[in-house]
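Close look at the chain arrangement
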Amino acid sequence: MLRALLSEAELAAARDHADDLLRGAGWSDNDFDGRRTRRVYSLLNRVGSLEPLLLRPEVHHLVTARLGEVYQFGMLFLSAVDPGQGAQQPHFDAGVYPLPREVEAETNVIWALDDFTAGNGATLIAPGSHHWAAGRRPQPQELVPAVMPAGSALVYSGRLWHAAGHNTTETTRRALICEHVLPWLRPADNHILATGTDQLRSLTSHLRRLAGVALASDYLGFVAGEDPERWLLQSS
Ligand SMILES: O=C(O)CCC(=O)C(=O)O
């Protein structure tokens, strides 16, 4: 956990922008996302003041150490857990990929935009569970709340069992959740389609690479035989 990483100004700007985006979002229509939870996916075409969180060097240092130099965003979303939302079903994010448990396919981060407390739905984590064998699931007593002040980042393996907690308070718990996945996997969210080529050109090259506009290797991820970054900038 990287505690209180954001400055007051960065946190305030991130919260304001998050609120602008969340204002238009209704509660999710399924139990997993949460029927008292508002989510905004596919953020890259309206990233605004959340951009510094997506590019934070301390986070990327940890991600690079696990995934290597080239990786891409998986899911990228705001989650507002409103009062009364029950705890989410425990899961591990890399469970979407049919890979052996030993493979570190994702390294993810949950940014706390509010203080995460045991009462307001702080993410519940099963410490050490990223080393568990396939098939083992956490017992309720193995899940502990990741209590942290607003502006902190919980960086965790995609193999870690976790869940959003139960919000028993009167206030919303906001988070920005960014998954980072190996470059040869299909990302959960199709950022290239959601962002569109015009908007991709206006992003920084770092964000573009994280959106998936990068060769994973010489023969993986090209466009018309060309490096996608070069192709994108030449085709404007
Ligand atoms: O909001 C949280 O604390 C975690 C949400 C989560 O893990 C998910 O939806 O995949």
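Scope of this entry: the structure provided in the associated data block. Counting from 1, residues in each chain are numbered in the order their sequence is written. Per-residue local features of the predicted model are confined to residues with pLDDT of at least 70, and side-chain atom pairs are confined, for both listing and counting, to 80 or more; whole-chain, interface and lining totals are unaffected and use all residues. Hydrogen atoms and water are omitted, and side-chain values are computed over all heavy atoms in the structure.

1. Brief notes about helix α3 (residues 57-67)
Residue burial is assigned from relative accessible area. The probe radius is 1.4 Å, only protein chains are included, and a residue is buried under 20% of its type maximum, exposed over 50%, and partly exposed in between. Think of it this way: any DSSP run of H or I at least four residues long counts as a helix, any run of E at least two long counts as a strand, and we number them from the N terminus. Listing the buried residues of α3 in full gives V59, H60, V63 and L67. All buried residues of α3 fall inside an arc of 90 degrees around its axis, so they share one side. Residues of α3 that are exposed and angled more than 90 degrees away from the buried face: P57, H61 and A65. Should any heavy atoms of two residues lie within 4.5 Å, those residues are counted as being in contact. Elements that come into contact with the buried residues of α3 comprise α2 (51-54), β3 (106-112), β6 (153-157), β8 (173-181) and α6 (205-210). Positive backbone phi, approximately 95 degrees, marks G68, located one or two places after α3. The arc refers to the directions leading from the helix axis to the C-beta atoms.

2. A short note on the packing of aromatic side chains
To pair, rings of Phe, Tyr and Trp, with the six-membered ring standing in for Trp, must have centres within 6.5 Å; the planes then decide the type, stacked if under 30 degrees apart, edge-to-face if over 60, and tilted in the middle. Taken as a whole, this structure holds two aromatic pairs when the rule is applied. With a centroid separation of 5.0 Å and 40 degrees between ring planes, the pair formed by Y41 and F77 is classed as tilted. Residue Y41 is found in the loop between β1 (37-40) and α2, and its partner F77 is found in strand β2 (residues 72-81); the two are separated by 36 residues along the sequence. Judged by its relative accessible area of 28%, Y41 is partly exposed. Residue classification places F77 among the buried positions, given a relative accessible area of 5%. Here R101 stacks its cationic end above the ring of F92, 4.5 Å away from the centre of that ring. Whether a charge sits over a ring comes down to the Lys NZ or Arg CZ being within 6 Å of the ring centre and within 35 degrees of the ring normal.

3. Considering the site of the ligand
Near residues are defined by distance, with any heavy atom within 4 Å of the molecule or strand qualifying the residue. For the ligand, the full set of nearby residues is F32, R39, F77, S79, Q88, H91, D93, T123, H162, A164, R173 and I177. With respect to the ligand, the side chain of H91 contributes an N or O atom lying 2.9 Å from an oxygen atom. Method for areas: the Shrake-Rupley scheme with a 1.4 Å probe, in which residue coverage is limited to the protein chains shown. Relative to its unbound accessible area of 290 Å², the ligand is 97% covered by the protein chains. Sorting the residues of the shell around the ligand by element identifies β2 and β8 as the ones contributing at least two each. Here the shell around the ligand is built from residues that sort into four nonpolar, five polar and three charged. Nitrogen and oxygen atoms within 3.5 Å of one another constitute a polar contact, given that in protein one can donate a hydrogen and the other can accept it, and given that sequence-neighbouring residues count only through two side-chain atoms. Basically, the charged four are Asp, Glu, Lys and Arg, the nonpolar ten are Ala, Val, Leu, Ile, Met, Phe, Trp, Tyr, Cys and Pro, and anything else, Gly included, counts as polar.

4. A closer look at the pattern of salt bridges
A carboxyl oxygen of Asp or Glu within 4 Å of a side-chain nitrogen of Lys or Arg is what we treat as a salt bridge. One pass over the full model with this rule turns up 13 salt bridges. D114 is the partner of R15 in a salt bridge, and the nearest nitrogen-oxygen pair spans 4.0 Å. Here R15 is found in helix α1 (residues 8-23), whereas its partner D114 is found in the loop between β3 and β4 (124-125), with 99 residues between them in sequence. Residue D114 is classed as buried on the basis of its relative accessible area of 11%.

5. Details of the side chain of D33
Counting through the fold element by element, D33 comes out in the loop between α1 and β1. Polar contacts involving the side chain of D33 include one to the side chain of R39, which spans 3.3 Å. With residues near it in sequence (within four places) discarded, D33 still touches S28, R39 and Y41.

6. A few points about the sheet that holds β8
Strand order across the open sheet formed by five strands is β1-β2-β8-β3-β6, with antiparallel pairing between neighbours. Edge positions in the open sheet fall to β1 and β6, since each of these has one partner strand only. Across the sheet, the axes of successive neighbouring strands diverge by a mean angle of 20 degrees, strand direction being ignored. Angles run from 0 to 180 degrees between N-to-C directions of axes, and those axes are lines fitted to C-alpha atoms, restricted for helices to the stretch in contact. Along the sheet, α1 contacts β1, β2, β3 and β8; its crossing angle with β2, the most-contacted strand, is approximately 80 degrees. Packing of α3 onto the sheet brings it into contact with β3, β6 and β8, and relative to β3 it is tilted by some 160 degrees. Strand pairing requires that DSSP identify at least two bridges connecting the strands.

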